[in-house]
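# Chain and residue survey
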Amino acid sequence: MFHLSEYKAFTRTAKKNRGDYTFGYVANEELIRTLSLTTKTITMTKVNEESPVLSEGTKNAKKITEWLKENALPIFGEISPSNYMSYIERGLPIVFAFMNPEEDNTEVEKEFLGVAKSLVGKYSVVSVDSIRFIGQAKRLGLSGDVVPCIAFEADEQHFAYSETAELTTESMLAWFKKHEDGELKPTIKSQPIPETQEEVYTIVADNFKEIVLDETKGWLSILMLFFDCSTVLTL
């Protein structure tokens, strides 16, 4: 059972968040034992997942609320317009696993879930309906032609997992490890580097620094025309 200060913090949190969560207070010691609960803790019951337990900070309503936001969302669940802001407020990079709901995704879902469990507290891993939201896949640097696929956004940069690589938990976690170590290059949609250059240079993402930012080339000034390579450019 809670002390008075803990009880007050809990009830303040419950009143403030009662529209989003269902709260209950257990004071009966026999029921606590029956439910395998621990006294002076807050336990969140989740469907088909382990129940997170808060044992420290139970006297602070703010810490309880922060803990709720961190743990209320599923380890690997579907993102939609109705819960999108909850993921944003969580403050973690969002990893989008795109799948076609009309296909059998049983095996690849196991791989994505394995990734999600290993990245708890570092990233929010979500499933996305590739039919409804294929535009999001393209925005993140994916082609939109290969499904299932996975990509994420962090620090206003996009990172798309290779569409030719295996979608196994092990290989995807190795990819995320590169990001955590600062070794993963962001995905920038652009044309490949031209084999030859003419009088007017063609500058793409992979040669921008080499040509534009190389002071040894002695450019006095550079006039550049930017355009979307997916559209037809008429001069």
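Every chain is numbered on its own, with residues counted from 1 as its sequence reads. In keeping with the predicted nature of the model, local features appear solely for residues at pLDDT of at least 70, side-chain atom pairs appear and are counted solely at 80 or more, and the whole-chain, interface and lining totals rest on all residues. As a rule here, side-chain values cover all heavy atoms of the structure and leave hydrogens and water aside.

Let us look at the pattern of salt bridges. For this analysis, a salt bridge means a side-chain nitrogen from Lys or Arg found within 4 Å of a carboxyl oxygen belonging to Asp or Glu. Counting across every chain of the model gives four salt bridges. Between Glu153 and Arg139 there is a salt bridge; the shortest N-O distance is 2.9 Å. One end of the pair, Glu153, is in strand E6 (residues 149-154); the other, Arg139, is in helix H6 (residues 134-139), and 14 residues separate them in sequence. Burial status follows relative accessibility: with a 1.4 Å probe on protein chains alone, a residue under 20% of its type maximum counts as buried, one over 50% as exposed, and anything between as partly exposed. Glu153 gets classed as partly exposed once you look at its relative accessible area, which sits at 26%. For Arg139, a relative accessible area of 41% puts it in the partly exposed group. The residue Lys177 makes a salt bridge to Asp181 at a minimum N-O spacing of 2.7 Å. Labels follow the DSSP assignment, with helices taken as runs of H or I lasting at least four residues and strands as runs of E lasting at least two, numbered in each case from the N terminus.

Another aspect to go through is the nonpolar core. Buried Ala, Val, Leu, Ile, Met, Phe, Trp, Tyr and Cys residues form a nonpolar core when they are joined through side-chain atoms within 4.5 Å. Core analysis: the biggest nonpolar cluster contains 21 residues, and Phe112, Phe152 and Phe176 have the highest contact counts within it. Of all the elements in the fold, those that place two or more residues in this core are strand E4 (94-99), helix H5 (106-118), E6 and helix H7 (169-180). Broken down by element, the residue count for this core peaks at four residues, all from H5. Residues in contact with Phe152, not counting those within four places in the same chain, are Ile94, Val95, Tyr123, Leu140, Gln157, His158, Phe159, Trp175, Phe176, His179 and Leu184. Within the second largest apolar cluster, 14 residues are counted, among which are Leu73, Val126, Ala137 and Cys149. Throughout, a contact is declared for two residues whenever any of their heavy atoms are within 4.5 Å.

Here the focus is the packing of H5 against H7. Interhelical geometry of H5 versus H7 gives an angle of 40° and a closest axis separation of 9 Å. Put simply, H5 runs oblique to H7. Here H5 and H7 pass one another in a crossing that is right-handed. Residues Lys110, Glu111, Phe112, Gly114, Val115 and Ser118 of H5 touch H7, and the partners they reach there are Thr169, Met172, Leu173 and Phe176. Taken together, the residues of the contact of H5 with H7 break down into five nonpolar, three polar and two charged. Only the stretch in contact is used when a helix axis is fitted, and all axes are lines through C-alpha atoms; the angle between N-to-C directions ranges over 0 to 180 degrees. Should an angle lie under 35 degrees it is considered roughly parallel, over 145 roughly antiparallel, and from 65 to 115 roughly perpendicular; all remaining angles are considered oblique. Crossings are classed by handedness, with left-handed meaning an anticlockwise turn of the near helix from the far one by less than a right angle and right-handed meaning a clockwise turn. Ten residues, namely Ala, Val, Leu, Ile, Met, Phe, Trp, Tyr, Cys and Pro, are considered nonpolar, four, namely Asp, Glu, Lys and Arg, are considered charged, and the remaining ones, Gly among them, are considered polar.

We now examine the packing of aromatic side chains. Aromatic rings from Phe, Tyr and Trp, taking only the six-membered ring of Trp, are treated as a pair when their centres fall within 6.5 Å; an angle between ring planes under 30 degrees marks them as stacked, one over 60 as edge-to-face, and anything in between as tilted. All told, the structure shown has twelve aromatic pairs when counted by the stated rule. Considering the side-chain rings of Tyr123 and Phe152, the 5.7 Å spacing of their centres and the 80° angle between planes classify their relative orientation as edge-to-face. Residue Tyr123 is located in the loop between H5 and strand E5 (124-129), and its partner Phe152 is located in strand E6; the two are separated by 29 residues in the primary sequence. When sorted by exposure, Tyr123 lands in the same class as Phe152, which is buried. With a centroid separation of 5.3 Å and an interplanar angle of 75°, the aromatic rings of Phe152 and Trp175 are classed as edge-to-face. In this pair, Phe152 sits in strand E6 while Trp175 sits in helix H7, placing the two residues 23 residues apart along the sequence. Given a relative accessible area of 0%, Phe152 falls into the buried group.

The element E6 is extensively covered by neighbouring structure, given that five of its six residues are classed as buried. Pairing between strands is defined by DSSP: at least two bridges between them are needed. Here E4 pairs with E6 via five bridges, running antiparallel. Within E6, the residue paired with Phe96 across the bridge is Ala151. Here E6 pairs with strand E7 (residues 157-160) via four bridges, running antiparallel. The residue of E7 that forms the bridge with Ala151 is Ala160.

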